[in-house]
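# Structural overview for review
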Amino acid sequence: MTPISLPGSSAAGRGTKLAASMAVAAALLAAPLSASAQMPPPPPSPDTAQVGSDPRIGLSAGWMDAETSILNMELLSTTPRPEGFYDPENVGNLGLANSDLAFQGDLVFVGNFAGWNAYDISDPGNPRLATSVLCPGGQGDISVYRNLLFMSVEAMNGRIDCGTEGAPGAVNPERFRGIRVFDISDLENPVQVAAVQTCRGSHTHTLLEDANDPDHIYVYNSGAAGVRSPEELEGCIGSVPEEDPDASALFRIEVIKVSLANPEDAHIASQPRVFADRETGDIAGLWPGGDHGDGSQRSATTNHCHDITIYPELGLAAGACSGNGILLDISDPVNPVRVDEVIDTNFAYWHSATFNNDGTTVIFTDEWGGGTAARCRAEDPAEWGANAFFRIEDGRMEHAGYYKLPVPQTDTENCVAHNGSLVPVPGRDIKVQAWYQGGISVFDFTDPENPFEIAHFDRGPISEDRLVTGGQWSSYWYNGLIVGSEIARGLDVLRLTPGEHLTQNEIDAANLISFEEFNPQHQPRIEWPEHPAVARAYTDQLVRSGAMSEDQRQTLFQVLDRYEAGGAERDTAVATFRQAAVMLREGAPRADGADRTRMERLAETLAGLASAGADGND
C-alpha cells in the first residue's frame, strides 16, 4: 500500500482532521494482522557448518593485546586493574581476580578477590578510578544500598581487620569468612562497619528490602565453602548429627538483618532450611548428589545455594542451589519458603538465575567445570555448561529449552555459562551474559524453546599454550551501557549497535530505562514510558515477525514524527493514535504469542501518547 500523507494543519477543520486521522489509522491496519505471524527462525545452531565462518574462531592470544571479534556492539573502553589488584608475573592469579559488579549513579563497583574498586563511568570512554579498597578474602561479590556496600568473603586468607598478611592455620581467631559491610558515605575513605561471620563464609549474597520494615535491609547469604571448625566459630558443625540434625551448618542459607541507622549491629536473623522435605522435614530433602543415569551429568549435592536472585514485585526468588533450581516465596523476608524445585540431568552445578521481566520464564545457568575449565569446545555437549529455560506458571517450573555460546572455544580458554542481566528492550526477552573467555553474548529468549544470539564481544585466549584463567566474570546492562568485569584484564564498557536482529529504535527504547542503583541479583520490574521510541520498537518487532507491513511501519512513523513536531501537527497525530489504538486492540486477538502482547502494548503506548498530547504534555 502507499503511505497516506497527513493533511496540513492550516486549512483542515476539526471534522476534516478527524476524518483524515481515521483514514490514516485504517491505513495503518489496512492489511489484516496475520494470525500466524511468528518471529523469524533463529540463526543456525552451533553444530552447523556455518560455525566455521564465525569470526570468533582463531583469534590470536594475548593479555591486553589479544585479537578481538565484535558484532552489533561497540567497545568504548577497557580499563586495566589498578596497581595492587594484579600480578604482572601471573595475570591469571585468582587471588587478584576481578569478580562481580554493582552500580549506583555514575559509579560501578568492581569486586576483586583482594578487595574492591569503584569507577566513575559518567564518561564511558574514559572511566575514572574513584577509590580502591585492599581487603583480601576471596570471591568479592559486591552489592550496594544507599551508603552501604556489602562484600562476600569465603577464602581462608580473609581477616577481620582486612589485613593482607593472611590468617594461617586451620583455626585462627583473626580469620573472617562471611559478609563485610562498608560505609561508603565518603567514597574516598570507606570504613568497614560490620563483619558478620558465617560457618561456610559467603560465596554470593542478595539484598532484599521489606516494605513493612523500612529501617532494615536483609541479606540472603549463600555459603558454598566447607564448614569451618567450631573452634574458630561456635556452632559450626559440618555433619548432620542424628540426634540433632538441625544443628548442622549444611542444608541452609542465612538471612542477615542490617539496621540502616546502626549497621554495626548486623546479625544473622534466621537460617532457613529451604531444602527440607515437605512431608518428613528431613533437612536434606532435595538432590543427594551423583549422576542421573547414562549420558547425564554428575550433579552436586543440594546442601547450599550458589546464587539467589530475587524479584520483589513477584514476591519470588530463584535459587541456583548446587543440584537443584528452586523457587522461593519471599513475602516474609526472614522466613523464605520453597514453593517448587527442578532437576536437570544435563546440569553439573546450578550456578545463577535470571527472571524475564514478566516473570513467566526463569533462566538457570550451569557452571560445569567450576569456571576454570574449558567447557565450550567443539566436542562439549551443547546442553552442558549452558543456560536452561523454565516457564513459570502458577508457581511451578517446566523446562523449555537451552542456550549455549554458539561458537566453540579453544582448550586454553576457561568457558562456561556465567553472570548476566536483562537488556530492557520492550516486547522482547533479551539477556547479556558473560562466558568467561567465551566473552560476552547477547541473546533473545522471547521464545525460550528457540533462543538465538544477536550480538557478541570476544577476545582470543590469554595464552595459546596453556589455560590461564581469565575472561568475563559478569556482563550487565546498566543505563544504556554494557559493563563487563574481565577477570584478568580489567573493566570493559560497551554499547549495543543495531544489526539484523536489533534495531536502533529498540535500542533507543531500552535506553529510556535508567536505574539509580542496580544489584543484578535484585531484579526490578521494568516499566517503559509512553514514548515514541517505545512505539517504534514495538512496530519494528511486528514488521520483523510479519504481523505488520513495511508500508504500515512507514505510515505510523510519519505520524510519530508529526507528533514529536508539536503544535497543530500533534493535534492530528493525537486523533490518529486514538483510532489506531482501538484497531490494534481489536486486531490483537488474531495474532499469536508475543505479537499479541506487542500489539496490545503498542495500543497502550499510542493511547498514552494521545492522552499526553491532548493535555499539552511533551
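Below is a short write-up of the structure. Given the structure is predicted, the values throughout are model-derived calculations rather than measurements.

## Observations concerning the overall build of the protein
Broken down by element type, the protein carries six helices and 32 strands. Against the 2.2 N^0.38 benchmark of 25 Å for 618 residues, the protein shows a C-alpha radius of gyration of 26 Å, consistent with a compact globule. By its C-alpha atoms, the protein is 90 × 55 × 55 Å across when sized along the principal axes. Taken over 618 residues, the protein has a buried fraction of 59%. Within the protein, contacts between residues separated by at least 24 positions form 62% of all contacts whose residues are at least 6 apart in sequence. For the protein, the accessible area works out to roughly 23300 Å², and carbon and sulfur atoms hold 47% of it. Computed over 41 positive and 88 negative side-chain charges, the inter-centroid distance for the protein is 4 Å.

## Some points on the state of the cysteines
Applying the stated criterion across every chain yields a total of four disulfides. The disulfide partner of Cys199 is Cys236, and the S-S distance across this bridge is 2.1 Å. Looking down the S-S bond of the Cys199 and Cys236 bridge, the torsion is -90°, so its handedness is left-handed. Separated by 37 residues along the polypeptide, Cys199 in the loop between strand S10 (191–197) and strand S11 (204–209) and Cys236 in the loop between strand S12 (216–222) and strand S13 (254–259) bring together distant segments of the chain. Here Cys199 falls in the buried class, since its relative accessible area comes to 6%. Cys376 shares a disulfide with Cys415; S-S distance 2.1 Å. Taking the torsion about the sulfur-sulfur bond, which here is approximately -75°, the covalent link between Cys376 and Cys415 counts as left-handed. In this pair, Cys376 is assigned in the loop between strand S22 (361–366) and strand S23 (387–393) and Cys415 in the loop between strand S24 (396–403) and strand S25 (420–422), connecting sequence segments 39 residues apart. Each bonded cysteine of the protein is numbered by sequence order, and under that numbering the disulfide pairs are 1-2, 3-4, 5-6, 7-8.

## Topic: the sheet that holds strand S32 (residues 517–518)
Taken together, five strands build an open sheet; the order of strands is S6-S5-S4-S3-S32 and the sheet is antiparallel. Two strands bound the open sheet, and with one partner strand each, they are strand S6 (128–134) and S32. Two strands pair when backbone bridges link them, and strand S3 (residues 98–104) and S32 are joined in this way by two bridges, in the antiparallel orientation. Looking at S32, one finds that Phe103 is bridged to Phe518.

## What about the packing of aromatic side chains?
One pass over the structure, following the stated rule, counts 22 aromatic pairs. Cluster of aromatic residues (ring-pair linked, three or more members): Phe103, Tyr476, Trp477, Tyr478, Phe515 and Phe518. Taking NZ or CZ as reference, Arg375 lies 4.7 Å from the ring centre of Trp368, over its face. Above the ring of Tyr563, the side-chain terminus of Arg570 is found at 4.2 Å from the ring centroid.

## Some thoughts on the pairing of S13
With five of its six residues buried, S13 lies for the most part within the structure. Of the pairings in the sheet, the one linking S12 to S13 comprises six bridges and is antiparallel in character. By the bridge assignment, Ile217 is partnered in S13 with Val258. Bridge count between S13 and strand S14 (residues 267–270): three bridges; the pairing is antiparallel. If you follow Lys257 over to S14, its bridge partner there is His267.

## Comments concerning the environment of Gly499
Relative to the assigned elements, Gly499 resides in the loop between strand S31 (490–496) and helix H2 (504–510). Once the C-alpha coordinates of Gly499 and Leu149 are considered, the two residues, 350 residues apart in sequence, prove to be 38 Å apart.

## Topic: the packing of helix H3 (residues 532–545) against helix H4 (residues 550–565)
In contact at an axis separation of 10 Å, H3 and H4 are set at 175° when each is read in the N-to-C sense. Taken together, the axis directions place H3 and H4 in an arrangement best described as roughly antiparallel. Touching Pro532, Ala535, Arg536, Thr539, Asp540 and Val543 of H3 are Glu550, Arg553, Leu556, Phe557, Leu560, Asp561, Tyr563 and Glu564, all from H4. Classifying every residue of the contact of H3 with H4 gives seven nonpolar, one polar and six charged.

## Focus on unusual backbone geometry
With phi around 60°, Asn72 is a residue other than glycine that occupies positive phi space. Here Asn72 shows up in the loop between strand S1 (68–71) and strand S2 (73–79). Overall, Asn72 belongs to the buried group, its relative accessible area being 18%. Phi is positive for Tyr436, which is not a glycine, with a value near 50°.

## Things to note about the packing of helix H5 (residues 567–587) against helix H6 (residues 593–614)
At their nearest, the axes of H5 and H6 sit 8 Å apart, and the two run at 155° to each other. The angle between H5 and H6 places the two elements in the roughly antiparallel class. H5 and H6 meet at a crossing whose hand is left-handed. Seen from H5, the contacting residues are Arg570, Val574, Phe577, Arg578, Ala580, Ala581, Leu584, Arg585 and Gly587; seen from H6, they are Met599, Leu602, Ala603, Glu604, Leu606, Ala607, Leu609, Ala610, Gly613 and Ala614. For the contact of H5 with H6, the per-class residue count stands at 13 nonpolar, two polar and four charged.

## Topic: empty space enclosed by the protein
If a probe as big as a water molecule is rolled over the atoms, it shows which places are left empty. Within the structure shown, the criterion is met by six cavities of 30 Å³ or more. Its boundaries defined by the atoms lining it, the largest cavity holds a volume of some 140 Å³. Lining the largest cavity are 14 residues, and of these Ser421, Leu422, Phe518, Gln523 and Pro524 sit closest to its centre. Within the lining of the largest cavity, the residues separate by chemical class into nine nonpolar, five polar and no charged.

Reading guide: rules and limits
Numbering of residues starts from 1 in every chain and runs along the sequence as written. Only residues with pLDDT of at least 70 are given local features in this predicted model, and only at 80 or more are side-chain atom pairs given and counted; all residues enter the totals for whole chains, interfaces and linings. Just so you know, side-chain values use all the structure's heavy atoms and leave hydrogens and water out. Only DSSP runs of H or I with at least four residues qualify as helices, and only runs of E with at least two residues qualify as strands; both kinds are numbered from the N terminus onward. Every radius of gyration here is taken over C-alpha atoms, with the globule rule written as 2.2 Å times N^0.38, N being the number of residues. Categorising residues by exposure relies on relative accessible area from a 1.4 Å probe, with only protein chains included: less than 20% of the type maximum marks a residue as buried, more than 50% marks it as exposed, and the intermediate range marks it as partly exposed. Contact criterion: two residues are considered in contact whenever any of their non-hydrogen atoms come within 4.5 Å of each other. Accessible surface area values rest on a Shrake-Rupley calculation with a 1.4 Å probe, where residue burial reflects the displayed protein chains alone. Under the convention used here, Asp and Glu are negative, Lys and Arg are positive, and both His and the chain ends fall outside the count. Charged side chains are reduced to one point each, which is NZ for Lys, CZ for Arg, CG for Asp and CD for Glu. Counting rule for disulfides: a pair of cysteine sulfur atoms within 2.5 Å. Whether two strands pair depends on DSSP finding at least two bridges between them. Paired rings are identified among Phe, Tyr and Trp, the last through its six-membered ring, by centres lying within 6.5 Å, and are further divided according to the angle between planes into stacked (under 30 degrees), edge-to-face (over 60) and tilted (the rest). Look at NZ for Lys and CZ for Arg. If either is within 6 Å of the ring centre and within 35 degrees of the ring normal, a charge sits over the ring. Axis angles are defined between N-to-C directions and span 0 to 180 degrees, where every axis is a line fitted to C-alpha atoms and, for a helix, only to the segment in contact. Roughly parallel refers to an angle under 35 degrees, roughly antiparallel to one over 145, roughly perpendicular to one between 65 and 115, and oblique to any angle outside these ranges. Under this grouping Gly is polar, as are all residues other than the nonpolar Ala, Val, Leu, Ile, Met, Phe, Trp, Tyr, Cys and Pro and the charged Asp, Glu, Lys and Arg. Handedness of a helix crossing follows the sense of rotation of the near helix relative to the far helix, less than a right angle counterclockwise being left-handed and clockwise being right-handed. Put simply, the grid is 1 Å and covers the protein atoms alone, a cavity is a trapped set of points that fit a 1.4 Å probe, a pocket is an open set with protein on both sides within 12 Å along at least five of seven lines, and lining residues have an atom within 4 Å of a point. Grid points are joined across faces, edges and corners, and a volume is the space filled by probe spheres set on the points.

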